[in-house]
Amino acid sequence: MRLTPNLGNKDTATPATISAYIKCAILVKNITHASLVCALMSNYFTHGYALLIGVGRTAESQWSLPVTVKDVQALKTVLIDPNLCAYVDDSEHIRLLQNEQTTRNAILDGLTWLKEKAAADKDATIVVFYSGHGCFDLSSQCYYLLQHDFKYTDIPNTALSAQEFTQALRQIQAKRLWVVIDSCHAEGMATAKGELPADFIATALPKGVVDALKQGEGRAVFTSSRGNQVSWIRSDGSMSLYTYHLIEALRGAANQPGDRTVMLSNLINHLGKTVPESARTLRQAQQTPFFDTAMEDFPIAMLRGGKGLPNSTPVSDLPKIMSDREVVTPALARAKRALAILEEQAASFGIRIPVDLQIELEEKRRRALLDALRGRRTLLIWDNLETLNAEEREMIAEFLRKLPTPNKAIITSRRRTGESALTIRLDRLSESEALELMQAKGRSHPRLAQELNATKPEILTALYQASGGNPLALDWTLGHVAHKGYSICVALERLRNAAKSADLYGFLFADAAQTLSENDCTVLSALVVFLTPARTTALADATDLAITEIQVSLEQLVTLSLVNDLDGERFGLHPLTRTYVRAAMGGTDTIGTASLASGIRFDSAAQRKVLRYWVDFAQRYGGYGEDAYKTYDKLEAEWQNLEGVATTLGEMAGIPGALKDRQAAQMLIDLESALFNFLWFRGYWDEAVRSGEWCYQAGKALNQWSDAGWSAYHIAWIYYNRGETDRAASWVAQMAEAMDWGGSRMEKAVAIGLQGLIAEQRQDWAEAERLYRERLAIYREFGEEEREALALNDLGTVARSQRDYARAESYYKQALAIEEKLGNKQGQTIYCGNLGLLALYRNRPMAARPWFERELTLAQEVGRQDQVADAQTGLARVLEEEGRYVEALLLALAALEIQERLRDQNLDFSRRLVERLRRKAGME
């Protein structure tokens, strides 16, 4: 049933509510078999038993991980689906522990239950799935699963140790035991790592623990990631990447035609390919699943309820179409006008309407159809009622009032047609279902099949994301490839461009948009700027509408499927809705949209007000103050929105290019200034360079030279820290030029200091020291103590590079003393790290340790990622000197992961350190 637009995410009706009335069905276009027939499955995977553990909420609230509950709920849904894995849906075959249920005792009781099931069923296949945090104790070399009731102050005595977990699993004497551990989640990891006691690190299941788990006959152990890699969640927050692709595999994504079961090898093949690809494409990160087995391949679940994949061209699951004699002559052909839609749809199934029947009077046709239906149990379906005129709709309504029982009818329309109408929000297709649809269309259109085979998977994923899983949009896009000769890339671009796709967007949205109130349009215009789901309070703050006005508009917009009502009273836009509204406003896209936007009252002023709201948000929680880092978590939580605002403001301002909007350019400068320190601390270095370049151009266009100079400084600072000296020098020159035009003496001193850093990086020590002393004199003249500390630190680095260690120590300690007096933890972090490094230069590792430990604690508190990596590298070198190579390697790997993401100037050194530690630990 299609109620336009098909963008919702909730079903309020199921096939079960109508299945009792189905004996025969008149099939129509746009109605899938799944909406007509509930297949009754007789086969179940009766020897399958599963314990699914999603920790979710924990007693220590900062460790809560809601996505783990979504994972296990989604996994259970697939396992018990009789049309998929076909596990028996009762407490004797599958148990789900989530949130408060995931206590240490409850998990052990669940494993005891599996032990009893395996003892009673010699053919049992046992599945144990754990999703939650895990950590490794460096001092005891023990691994712990952090269940609901653990205490982070006493992990060894309250958390579930891997040893206990392993012992319980060894008691399960099943021929086939499959264990999945997802214990290093990206979500919440920054907080978790900061809360870990000394000697504990958050990490995936170590190889030694996996080896212990798989001991015995018929064991297979999967982990979602390796080492210090994290397990990422999908961008929509629906579940983890790993679970998403695991469910794909359980649905048969890696199986071959004719297969009736999902084998362990199918899971390994699919996860090993798709998880790294998704992590790389969607998160720009590494996530490599790990698999270890102690037996031959074995089945995990049934495939499609035991039917298996078709051996060749899939056989349709649709019920048999009624014959011409049975339906067409007495019924279908007798409704030429009132039932014209059925005649057209019957023709699409190859049913011809006899010519001699087409001249029958309308009333006779209606009576004949009613007579033909008496004594039957028939479900009639009319789709797209809005395409008929008022007279035709009234004739169908009159016909239905006389419909003999027990026949039933379903009428679908994009518009409400009466008080008895029921609004149904249909869910979008999953990515795997969308890919299935693409392949199915390809089987009917050779050219489309050729294009699909030649297109990279990431392009098909982009097509799915742009359509938001809307089957109509997918079908429309694929039709351009099949019938108009477009490539998939060109068709995708048209889908993203509302002006070039006015027919599609008009069909989906224009009718609904014409009925919107002014408040409705304001809310939609505001939601365009929110790239993550928004709460009513945030929308009220951003639009100045009252909460009650927001709620009334949201109710209307959700009913029209223009807005998605998500969990937690949050609201968001489907990608197609966002594209349409942006184009209709015409303020953020460069495409011509006059015909599309005609008569639509979307509010560009409301959009600008929301952009200002986000700039104010960044200024409130960002900045450079000594305690500013304490609110950076708020910016982190809204980073997707803030990044989208920066892009929108750049487009509105005309940057890069000629200035189009002075107000947007100024907001862009305000945003970049508020966010730079956050971007620097949290490792968003590429984003910092991009926004800096935009704001440098905006500052020049507005003749605001100080703003341009600071933007150039930010860019130069990133390049300096990446060791890209020439690029850094180029931007320092542009900064100095801008400050000469409009900067203060203090700002010119900042440029001088950065020129000193460039000289130092080029090992021109004399020039570097000259510039640092010039800067120091200016800072002391103005009484700028914090900046004085920075200059002293830089002088210390020059002295250290010239092996004048005593003078270097004096400079570093003077700088540290100033920051301790001021209470500035950011500065203390830097100077503690330099004092630790100086101790290593002097071959004093024992003296270096407390400096690096203090640096790590401070860096984690303020959230500065480059200093976290610096401290981890320093501690790894200390541990190396002590001969503790495994512990050193874990820290070095953690540092390397950060530095690779940042492209830090110390990256090569860290890579060599990791290689050396691998050799010493015997892990090559």
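Structural notes, computed from the coordinates. This is a predicted model, so every value here is computed, not measured. (Residues numbered from 1 in each chain as written. Predicted model: local features only at pLDDT ≥ 70, side-chain atom pairs only at ≥ 80, totals over all residues. Heavy atoms only, no water.)

On to the pairing of strand β8 (residues 176-182), then. Along β8, seven of the seven residues are buried, which leaves the element largely enclosed by surrounding structure. The sheet contact formed by strand β4 (residues 125-131) and β8 spans seven bridges and is parallel. Along β8, the bridge assignment pairs Phe-129 with Val-180. Note that β8 and strand β10 (residues 219-223) share five bridges and pair parallel. The residue bridging Trp-178 from the neighbouring strand is Ala-220, located in β10. (Buried < 20%, exposed > 50% of the residue type's maximum accessible area, 1.4 Å probe, protein only. Helix = DSSP H or I, 4+ residues; strand = E, 2+ residues; numbered from the N terminus. Pairing = 2+ DSSP bridges.)

The next thing to look at is the side chain of Glu-788. The topology assignment puts Glu-788 in helix α33 (residues 785-801). The contact partners of Glu-788, leaving out residues within four places of it in the chain, are Leu-776, Tyr-779, Arg-780 and Ile-818. (Contact = heavy atoms within 4.5 Å.)

Before going further, it helps to examine the side chain of Asp-670. Locating Asp-670 in the fold gives a position in helix α27 (residues 662-682). Taking the relative accessible area as the measure of exposure, Asp-670 reaches 18% and is therefore buried. When neighbours within four sequence positions are excluded, Asp-670 is seen to be in contact with Arg-612, Val-615 and Gln-619.

For the coordinates displayed, the defined rule picks out 42 salt bridges. The salt bridge partner of Glu-724 is Arg-727, with a shortest N-O separation of 3.5 Å. For Arg-884, the salt bridge is made with Glu-882, and the minimal N-O distance between the two is 3.3 Å. Exposure remark for Arg-884: the relative accessible area of 33% places this residue in the partly exposed category. Counted as one network, the salt bridges with shared partners bring together Arg-849, Glu-853, Glu-882, Arg-884 and Glu-887. (Salt bridge = Lys/Arg side-chain N within 4 Å of Asp/Glu carboxyl O.)

Across five bridges, strand β2 (residues 48-54) lies against strand β3 (residues 94-98) in parallel orientation. Counted as the bridge partner of Ala-50 is Ile-94 from β3. In this region the chain leaves β2, passes through helix α1 (residues 67-80) and returns to the parallel neighbour β3; the handedness of that crossover is right-handed. (Right-handed = clockwise from strand over helix to strand, strands pointing away.)

This part is about the sheet that holds strand β18 (residues 570-572). The three strands are arranged β16-β18-β17 in an open sheet whose pairing can be described as antiparallel. Two strands close off the open sheet at either side, each with one partner strand: β16 (534-535) and β17 (564-566). Here three bridges tie β17 to β18, and the two strands are oriented antiparallel to one another. Bridge pairing in β18 places Leu-566 opposite Arg-570.

A separate point is unusual backbone geometry. Here the amide bond leading from Thr-405 into Pro-406 is cis, since omega sits at 5°, within 30 degrees of zero. Mapped onto the elements, Pro-406 comes out in the loop between α12 (390-401) and β15 (408-411). Unusually for a residue other than glycine, Ala-86 sits at a positive phi of about 65°. With respect to the secondary-structure elements, Ala-86 resides in the loop between α1 and β3. On the basis of relative accessibility, which here comes to 0%, the residue Ala-86 falls in the buried class.

Take Asn-843: it is sitting in the loop between α35 (825-841) and α36 (845-862). Residue class for Asn-843 comes out exposed when judged on its relative accessible area of 60%. Once the C-alpha coordinates of Asn-843 and Glu-881 are considered, the two residues, 38 residues apart in sequence, prove to be 9.6 Å apart.

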